[in-house]
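Chains, contacts and geometry: an overview
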Amino acid sequence: MARLVFAVSAGAALCLQGLAAAAAEPKAQIEGTLPADLRAAIGQAVGAADKPIENRFEARRRAREAAEDAIAVLRSEGYYAYDVEPDVGEGDAPKARVKVTPGPRFTLGHAHIDWVGATPDPKTLAAAESALALKPGAPGRAADVVAAEGRAVAAVQKRGYADVKAQPREVVIDHADDTVTPDYRIVAGDLVRLDSIQLESHGRTHPEWLEHLAPWTHGATYDPDDVAELERRLLDTQVYQSVTVALAPVSDLTPDGLRPVVVSLAERDKRTVELGASYDTTDGLGLDAKWTRYNLLGRADTFSVLGRVSNLDNRIELDLSLPHWLTAQQTLALRSAVYDTNTPAYDQQGVMVSADVTHRWGRNATFGLTGTYFTWGGSIDVSRTSELGVETLTPLGRDLVTFTGLLDMALDRSDNPLDPTRGWRISARIEPTLLTGDGEFPFVKLQSQVSGYIPFDLKGDTVLAARLHVGSITNGTVDDIPAPQRFFAGGGGSVRGFGYQEVGPRLSDNTPEGGLSLAEVSIELRRRLTEKWGLVVFIDGGTVGSGQFPNFQDTSVGAGVGVRYNLGFGPIRVDLATPVTNGHGESPLQVYVSIGQSF
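Note that the structure is predicted; figures quoted are calculated from it, not measured.

1. Details of empty space enclosed by the protein
Counted under the stated rule, the structure contains one cavity of 30 Å³ or more. Here the largest cavity is characterised by a volume of approximately 50 Å³. Around the largest cavity, the lining residues are Ala345, Glu387, Leu388, Val390, Ala483, Arg486, Leu507, Thr511, Pro512 and Glu513. A class-by-class count of the residues in the lining of the largest cavity yields six nonpolar, one polar and three charged.

Rendered as structure tokens:
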């Protein structure tokens, strides 16, 4: 019934909209034999009247205005031998009319560039001529003539002539052969070569680090893309409120003929404090507090201290992020933590340190893919683990030193990191691990995930989203692998409808066992109702296996609905889910609250 009411209401709204459009009269009637596209363009330019004509004076005024609009369209489309006559009908409240005879459509002649002052080098001359891209005989549209000039100027600037500018062009309209021939006048100026960076701000950023970030070498030819790239690199660090990068004026020319690049930085506050919270039915409330210090080392770095309190995870974590480390678009992340984890399957206390390097490729840099990331690094974890033996159910206390390597590749072609509406993502992760304690035991943990987003409309108000996540551990049995390194499933970022670690095999006392393999799949239909509110319906499925590959014999499925509230940068999500399959006495309803879409 609700769907029927919605459909009827939508249909009524469309009908009313159509009636309103039909009732709106044009400001003037267009008369004459015109091509359909030209008539439509003139009609759109003339527009609709906001009220009926009341007298002949008003009719003549509207006819004159419509004639001027028609002439503007005719000239822009290459009709220069036109005849446009405003007219009015009979009666006390006559209709405004415009009689249009377009005449022949003029075509382009051979465009030419006149260089004012010094002529640029031959390659630049050829590039400018090629950039015009005006084919003789093509329709002589005014917009094409103007756009060609802009392309020529951009081509000259791209090749190092930073001060290039166009002077008033001369366009010859020849009624003898119905041609439009543009003659462009361009001042190229001098070839510009770049000096070092001139930092005007007096903040915490070290000029030496900023110089290292420049994408050009000393004395290189000016390229506007290089200047824009430096600005983008600085903005990517997210430690500046604003960044301005511009070429210094000619008056600042160095004795050796080079031009500095002026950088102005407005640094954000030195410190921020963030508070966060999460909730789900099984794990209860989780609270986070994060203190962040920006640009402590003067190289756009970020240092943070995180404290977390929850039923599952309690920790204090220190993070240092160094963007553009050694080379541009490469970030070094150093992390250390003291933690106490208490899960249904195991308890673990320990200290860990890690170092990761992530290199990002920009637009069209790797096989035409955007958002391409490659991460490598390693960690050392000294921990005490309490768990139950798989066969005996006797408590096991393992004192472990775990050495873990990391190789991770991620391709992100989605349009938004927190609320994607189109595109796809794929990632693959390899973690070679060595356990030491009572002995040495190596294994490799493999994971991969792919997600896709298909919009049903141009705005992305309705989106179908899907995710597949698989994993496998090579070498050993479930009993050989400590519980914290096994795969578990269930929860808000996994299989909703089930609590944390509730998906998968159980020990005889119903304790989650975990496994050596994992498969999860999720499908969501997302609908944006207003600028702020949205709804989601979803179904999740997952299985955890004791072998290296899941056998799907014990697959858990959950389904539910969710509400989204848009914060501007991303949504708050509240999901309610229930198990469709119920094999271990799970709660009939699970609630999850977090920030960002589930995937």
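2. Here's the deal with the pairing of strand 26 (residues 590-595)
Examined bridge by bridge, strand 11 (residues 271-280) and strand 26 share two bridges and lie antiparallel to one another. Bridge assignment links Asp280 to a residue of strand 26, and that residue is Tyr592. Taken together, the six bridges between strand 25 (residues 571-579) and strand 26 define a ladder with antiparallel strand orientation. Note on strand 26: the bridge partner recorded for Ile572 is Ile595.

3. Regarding the layout of surface pockets
Of the volumes computed, that of the second largest pocket is approximately 1600 Å³. The wall of the second largest pocket is formed by 40 residues, among which Asp236, Gln238, Ser321, Thr331 and Arg360 lie closest to the centre. Secondary-structure elements contributing two or more residues to the lining of the second largest pocket are helix 7 (224-236), strand 12 (284-294), strand 13 (302-309), strand 14 (313-322), strand 15 (330-342), strand 16 (347-361) and strand 17 (372-388). In terms of residue count, the dominant contributor to the lining of the second largest pocket is strand 16 (six residues).

4. Some thoughts on the packing of aromatic side chains
Under the criterion given, the structure shown has seven aromatic pairs. Relative to Phe303, the ring of Trp291 has its centre 6.4 Å away and its plane inclined at 80°; by these criteria the two rings are edge-to-face. On the criterion of sequence distance, the pair formed by Trp291 in strand 12 and Phe303 in strand 13 is long-range, its members being twelve residues apart. Judged by relative accessible area, which is 23%, Phe303 ranks as partly exposed. In this structure, Lys445 is placed above the aromatic ring of Phe487, and the distance from its NZ or CZ to the ring centre is 4.8 Å. Over the aromatic face of Phe599 sits the side chain of Arg526, whose NZ or CZ is 5.1 Å from the ring centroid.

Procedures and definitions
Residues numbered from 1 in each chain as written. Predicted model: local features only at pLDDT ≥ 70, side-chain atom pairs only at ≥ 80, totals over all residues. Heavy atoms only, no water. 1 Å grid on protein atoms, 1.4 Å probe; cavity = no way out; pocket = protein on both sides within 12 Å on 5 of 7 lines; lining within 4 Å. Points joined across faces, edges and corners; volume = space filled by probe spheres on them. Nonpolar A, V, L, I, M, F, W, Y, C, P; charged D, E, K, R; others polar. Pairing = 2+ DSSP bridges. Helix = DSSP H or I, 4+ residues; strand = E, 2+ residues; numbered from the N terminus. Phe/Tyr/Trp six-rings, centres within 6.5 Å; stacked < 30°, edge-to-face > 60°. Buried < 20%, exposed > 50% of the residue type's maximum accessible area, 1.4 Å probe, protein only. Lys NZ or Arg CZ within 6 Å of the ring centre and 35° of its normal.

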